[in-house]
Amino acid sequence: MNILLIIVAVIAVILLLTGGFVQAASWLLWVGIVLALFAIIVWIVRAISGRNRV
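For clarity, every value in this text was computed on a predicted model and none was experimentally measured.

S.K.: So what exactly am I meant to see when it comes to the overall build of the protein here?
M.R.: When helices and strands are counted, the protein shows one helix and zero strands. In terms of overall size, the protein is more extended than a compact globule, its C-alpha atoms giving a radius of gyration of 23 Å where 54 residues would be expected to give roughly 10 Å. Based on the C-alpha atoms only, the size of the protein along its principal axes is roughly 75 × 20 × 5 Å. Counting over 54 residues, the protein shows a buried share of 0%. By element, 80% of the accessible surface of the protein is carried by carbon and sulfur atoms, the whole surface being about 5300 Å².

As structure tokens, this is what we get:
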């Protein structure tokens, strides 16, 4: 019975870690998309305003 309990506990920890990594990756994906959109908007504003690079 103890071996079964240990196996269940290990599987639970693995699933918990996997779920946490998936949530973190999903959150970082959204942060990356928002930052990419912000960079594109800034680039378009600079292109329209005609600023010269130094």
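S.K.: I'm lost on helix 1 (residues 2-49) in this one. Help?
M.R.: The α-helix winds at 3.6 residues per turn, so residues separated by three or four positions along the chain end up facing the same way. Spanning 48 residues, helix 1 covers 70 Å between terminal C-alpha atoms, matching the ideal 70 Å at 1.5 Å per step. Count one or two residues on from helix 1 and you reach Gly-50, which has phi positive near 75°.

Conventions adopted
- Residues numbered from 1 in each chain as written.
- Predicted model: local features only at pLDDT ≥ 70, side-chain atom pairs only at ≥ 80, totals over all residues.
- Heavy atoms only, no water.
- Helix = DSSP H or I, 4+ residues; strand = E, 2+ residues; numbered from the N terminus.
- Rg over C-alpha atoms; globule rule 2.2 N^0.38 Å.
- Buried < 20%, exposed > 50% of the residue type's maximum accessible area, 1.4 Å probe, protein only.
- Areas by Shrake-Rupley, 256 points an atom, 1.4 Å probe, with all protein chains shown as cover.
- Expected span 1.5 Å × (residues − 1).

Honestly, that's just the spatial picture; any functional story needs more than this.
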